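# A look at the structure
Now for the letters of each chain:
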Amino acid sequence: MRKPDHTHSSRVRPFNTLINNAGISMWSRLEDVQDPVTLNKSCASTSSAACTAPYALPYLKATHGRIVVVSSIQGRTGVPTRTVYSASKHAQIGFFESLRIELEDDGLV
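Each value, and the rule that gives it
- Residues numbered from 1 in each chain as written.
- Predicted model: local features only at pLDDT ≥ 70, side-chain atom pairs only at ≥ 80, totals over all residues.
- Heavy atoms only, no water.
- Helix = DSSP H or I, 4+ residues; strand = E, 2+ residues; numbered from the N terminus.
- Buried < 20%, exposed > 50% of the residue type's maximum accessible area, 1.4 Å probe, protein only.
- Contact = heavy atoms within 4.5 Å.
- Phe/Tyr/Trp six-rings, centres within 6.5 Å; stacked < 30°, edge-to-face > 60°.
- Lys NZ or Arg CZ within 6 Å of the ring centre and 35° of its normal.
- Patch = residues over 30% accessible without salt bridge, like charges linked within 9 Å, V, L, I, M, F, W, Y side chains within 5 Å.
- Areas by Shrake-Rupley, 256 points an atom, 1.4 Å probe, with all protein chains shown as cover.
- Salt bridge = Lys/Arg side-chain N within 4 Å of Asp/Glu carboxyl O.
- Core = buried A, V, L, I, M, F, W, Y, C linked by side-chain atoms within 4.5 Å.
- Expected span 1.5 Å × (residues − 1).
- Bend = angle between axes of the 7 residues up to and from the residue.

### Focus: the side chain of Ser-88
Relative to the helices and strands, Ser-88 is located in helix H3 (residues 83-103). Relative accessible area serves as the criterion here: at 3%, Ser-88 is assigned to the buried category. What Ser-88 contacts, discounting residues up to four positions off in sequence, is Ser-42, Cys-43, Ser-45 and Thr-46.

Have a look at this one:
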């Protein structure tokens, strides 16, 4: 991932909340999935977090804002026929738990 370019920041209005609510479900057994594009789409939960958070952090720090994460119970437990979706939700939760720890000293929790 390339480093965020904040040169456009004069055109962005201040905001204090980032709501991360992304995910594309997959209803099939992993062994039945033949299309790698389907697997990539199911990783939306993780990739959306990794792509939006770095750009939002300067604004959230400036406004003492917060990040709201909407996940799924499938981020805590596996569910048959949702293998990749469950994995992406586990990764999403791990990503934001780690980020929370990183940002505690900045007042973003």
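Next, the rest of the story.
### As for the environment of Pro-14
Considering the arrangement of structural elements, one finds Pro-14 in the segment before strand E1 (17-20). Considered as a pair, Pro-14 and Tyr-59 are 45 residues apart in the sequence and their alpha carbons are 6.2 Å apart.

### Topic: the packing of aromatic side chains
Under the defined criterion, the tally for this structure stands at two aromatic pairs. Between Phe-95 and Phe-96, the aromatic rings sit 5.0 Å apart at their centres with planes inclined by 85°, giving edge-to-face as the arrangement. Using a relative accessible area of 28% as the deciding quantity, one classes Phe-95 as partly exposed. The exposure class of Phe-96 is buried, given its relative accessible area of 10%. Cation over ring: Arg-82 sits above Trp-27, and NZ or CZ is 3.4 Å from the ring centre.

### A look at a nonpolar patch on the surface
A cluster of nonpolar residues, Ile-19, Val-68 and Val-70, forms a patch on the protein surface that exposes about 230 Å² of accessible area. Checked against the element boundaries, Val-68 lands in strand E2 (residues 66-69).

### As for the environment of Ala-56
Examined against the element boundaries, Ala-56 turns out to sit in helix H2 (residues 44-63). Here the alpha-carbon distance between Ala-56 and Ile-67, two residues eleven residues apart in the chain, equals 9.2 Å. Residues contacting Ala-56, with those up to four places away along its chain left out, are Phe-15 and Leu-18.

### A few points about the nonpolar core
With ten residues, the main nonpolar core is built from Leu-18, Ala-49, Ala-53, Ala-56, Leu-57, Leu-60, Phe-96, Leu-99, Leu-103 and Leu-108. Broken down by element, this core gets its largest block of residues, five residues, from H2.

### Some thoughts on H2
In this model, H2 (20 residues) spans 27 Å end to end at C-alpha, consistent with the 28 Å of a helix rising 1.5 Å per residue. At Ala-56, H2 shows its largest kink, close to 45°, and the proline Pro-58 lies no more than four residues downstream. Taken as a whole, H2 has its buried residues at Ala-44, Ser-45, Ser-48, Ala-49, Ala-53, Ala-56, Leu-57, Tyr-59 and Leu-60. On its buried face, H2 sits against E1, helix H1 (36-41), E2 and H3.

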